[in-house]
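Here is how the chains run, residue by residue.
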Amino acid sequence: MSEKKIGYYPGCPSETTALEQDISTKAIFDKLGIEWVEIEDWNCCGAAEAEDPRLVYALNARNLAIAEKDGLPSIVTPCSICYFNLSRTNKALKSDEKLRAELQGIDPSLAYNGSVVPKHILDFLVNDVGLDELKSKLVKQVKLKVAPYYGCYLGRPPETAFDDPDDPVLMDRLIELIGGENVPFSSVKTLCCGGPLMMTRADIAFEMARKILQTAKDANADCIVLACPLCGMMLDAKQPDIEKALKIKFEMPVLYITQLLGLALGIEPKKLGLDKNIIATKKLLEKVM
Amino acid sequence: MPIKAWELDPHFKYEIMQEPGGEHLTACYQCSTCTLGCPITEIIPSYNPRKFIQMSLLGMRKEVLTNPDLWICAICQTCTARCPQNVVVGDVLSVLRRIAEKEAEAGNITIESPRPLFEKAFLHTLEKYGRLYDMGLAMEYYPKREGSKIKGMKAMMDDYRGFGMRMFKRGKMGPLGGHGMLKGMRPSKIKQREVMEKIFEWAEEHEK
């Protein structure tokens, strides 16, 4: 368990489409007694749309520099893409003095010395807070059949990965810990959700998401659990569109891992934003509460 | 179509390797692991990352840069993770897209995909506000993609009618959405927006 205050980097969807991820992340921080502060005046990480690595480095240098200036040892983010961009920028800047100087030349606010560690929320919960500590705070068994979906950037690319590329397990461990049952999901747990193609090739994106939703349904899962707002947008918010386009019914609730863990920690569903998921979570909650 | 050796560009591979992400291109020995694991190839069989690498190595510059398949990569990193030669395949493909965009901007080629327009519209909102602004993105992207304001607005409505309503009902977007009044409808602006301007100016300088 880390002693110091952590920096929280919510990412852009936290203000709109992934509101419930933001709400539930803050709620579990508070419940676990983790001291946190939002990175002041943070900017977008560039997502998957900034294809030029130099642009990604400059955008994220600013966020890292703010955290450093405020004496924060780490930046924790609930978004897989934000994590990837923060983490690869951190790696590049730490090993490249010339790049650091060049970025500082753009604006003094980009001056960064490499003292901050970017972390994805899943890595933070399992490896920093730790399963023992979490176990000691559990107040409720969440006996659900869960399809743990990881998507990209947690187990790959190797440069920034913190879980296994082919068979990641961190989310599985959390689900077991809180009394859930992981349904067989290995065949699709690391497949891409199709999110980055949503606005330009929806046909391909829909088919990618369909495979994941279908596998969860075939495995009789009560819900899919994930840890990225783009995956959440694709599998939850777009699910009715996918159903309509492909003439299939899934009605598969999709939760953020922070929401599921929050239930086990005894936080009220509303304080975890469980009224904000697009596919209704009401029936699911009846099984748990 | 057979390759015409006299039309190949022997410098193309060096052009790619000069760009960040393209450095390891020549390590490829054509094993096809990238393509076998690709989730896009599974859906669109013509999509072939290995081929892009080999064509680049051969110097088939125009064929590579004008191939519409270049724009259906989901940047999922599976090819990069599995490549036994650490070619960083995903990054090489990204370099190819960036070169194609520059060529398109210079009027030398035409790109048959709306993806550059989408990425630009996305980045414009960052440059302006420091954060993604979905509405602003859509208002720029759809009219450009459809070639007219009216058609663009219609396409946007078609895509957003259901989705937007769902967001509205759950209080995520719309007049009462987000963390406060008008969030989601209006951009969330950072204070140091002038730094964003400087960053984008610098990045564009580099792209030239």
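What counts and what doesn't
Residues numbered from 1 in each chain as written. Chains lettered and ligands numbered in written order. Predicted model: local features only at pLDDT ≥ 70, side-chain atom pairs only at ≥ 80, totals over all residues. Heavy atoms only, no water. Pairing = 2+ DSSP bridges. Helix = DSSP H or I, 4+ residues; strand = E, 2+ residues; numbered from the N terminus. Axes fitted to C-alpha atoms, helices over the stretch in contact; angles between N-to-C directions. Parallel < 35°, antiparallel > 145°, perpendicular 65-115°, else oblique. Contact = heavy atoms within 4.5 Å. Nonpolar A, V, L, I, M, F, W, Y, C, P; charged D, E, K, R; others polar. Domains from an automatic or database assignment. Buried area = accessible area lost by both parts, 1.4 Å probe. Salt bridge = Lys/Arg side-chain N within 4 Å of Asp/Glu carboxyl O. Polar contact = N/O pair within 3.5 Å; in protein donor to acceptor, adjacent residues only side chain to side chain. Core = buried A, V, L, I, M, F, W, Y, C linked by side-chain atoms within 4.5 Å. Buried < 20%, exposed > 50% of the residue type's maximum accessible area, 1.4 Å probe, protein only.

## A look at the sheet that holds strand 7 (residues 223–226) of chain A
Residue and element names in this part refer to chain A.
- The 4 strands are arranged 6-5-7-8 in an open sheet whose pairing can be described as parallel. Here the strands that pair on one side only, and so sit at the sheet edges, are strand 6 (181–182) and strand 8 (254–256).
- The pairing of strand 7 with strand 8 spans 3 bridges and is classified as parallel. Looking at strand 8, one finds that Val225 is bridged to Leu255.

## A few points about the packing of helix 8 (residues 115–129) of chain B against helix 11 (residues 193–207) of chain B
Residues and elements named next belong to chain B.
- Between helix 8 and helix 11, the least distance of the axes is 6 Å, while the angle of their chain directions is 135°. Classified by the angle between their axes, helix 8 and helix 11 sit oblique to one another. Each of Leu123, Leu126, Glu127, Lys128 and Tyr129 in helix 8 lies in contact with helix 11, whose residues at this interface are Arg193, Met196, Glu197, Phe200 and Glu204.
- Taken together, the residues of the contact of helix 8 with helix 11 sort by class into 5 nonpolar, no polar and 5 charged.

## Points about the side chain of A:Gln21
- Tracing the chain through its elements places A:Gln21 in helix 1 (residues 19–31).
- Not counting residues within four places of it along the chain, the set of residues in contact with A:Gln21 comprises A:Pro78, A:Ala227, A:Cys228, A:Pro229, A:Tyr256 and A:Thr258.

## Observations regarding the sheet that holds strand 3 (residues 74–77) of chain A
All names here are of chain A.
- Pairing within the open sheet is parallel, and its 4 strands lie in the order 2-1-3-4. The strands lining the two open edges of the sheet, one partner per strand, are strand 2 (36–38) and strand 4 (117–120). Here the average twist between neighbouring strands, direction ignored, is 30°.
- As paired strands, strand 1 (residues 6–8) and strand 2 are joined by 3 bridges and run parallel to one another. The residue bridging Tyr8 from the neighbouring strand is Glu38, located in strand 2.
- Sitting on the sheet, helix 1 is in contact with strand 1, strand 2 and strand 3, with an inclination near 165° to strand 1.

## Remarks on the domain arrangement of chain B
Residue and element names in this part refer to chain B.
- The domain architecture assigned to chain B consists of domain 1 (8–105) and domain 2 (115–191).
- In this structure, domain 1 and domain 2 have C-alpha centres spaced 31 Å apart.
- Listed as interface residues are 7 residues of domain 1 and, on the opposing side, 4 residues of domain 2.
- Summing the contributions of domain 1 and of domain 2, the shared interface buries around 450 Å²; its carbon and sulfur component is 40%.
- It is Trp71, Glu101 and Glu105 that lose the most area in domain 1 upon contact with domain 2, and together they represent 77% of the buried surface on that side.
- The interface formed by domain 1 and domain 2 includes 2 salt bridges.
- In this structure, the salt-bridge partner of Lys120 is Glu105, at a minimum N-O distance of 2.5 Å.
- One can count 4 residue pairs in polar contact (both at pLDDT 80 or more) joining domain 1 with domain 2.

## Things to note about the nonpolar core
- Core analysis: the biggest nonpolar cluster contains 122 residues, and A:Leu103, A:Tyr149, A:Ile224, B:Ile40, B:Phe122 and B:Ile199 have the highest contact counts within it.
- Examining the composition of this core, we find that 10 residues originate from one element, helix 2 (residues 53–69) of chain A, more than from any other.
- Sequence-distant contacts of A:Ile224, that is, excluding residues within four places in its chain, are made with A:Ala147, A:Tyr149, A:Ile212, A:Leu213, A:Ala216, A:Met252, A:Pro253, A:Val254 and A:Leu255.
- Membership of the second largest hydrophobic core comes to 44 residues, among which are A:Tyr83, A:Val126, A:Tyr150 and A:Ile175.

## Some points on the interface of chain A and chain B
- Across the boundary between the two partners, chain A contributes 63 residues, which contact 62 residues of chain B.
- In total, about 5,500 Å² of surface goes out of reach between chain A and chain B, with carbon and sulfur atoms giving 63% of it.
- When the buried area of chain A at its contact with chain B is split by residue, A:Glu51, A:Arg54 and A:Met199 rank highest and sum to 15% of it.
- Applying the counting rule to chain A against chain B returns 10 salt bridges.
- A salt bridge links A:Asp166 to B:Arg82, with the shortest nitrogen-to-oxygen separation between them at 3.4 Å.
- Counting across the interface, chain A meets chain B through 26 residue pairs in polar contact (both at pLDDT 80 or more).
- If you tally residues by element for the side of chain A that touches chain B, the top one is helix 2 of chain A, at 6 residues.
- Its residues assigned to classes, the side of chain A that touches chain B shows 33 nonpolar, 8 polar and 22 charged.

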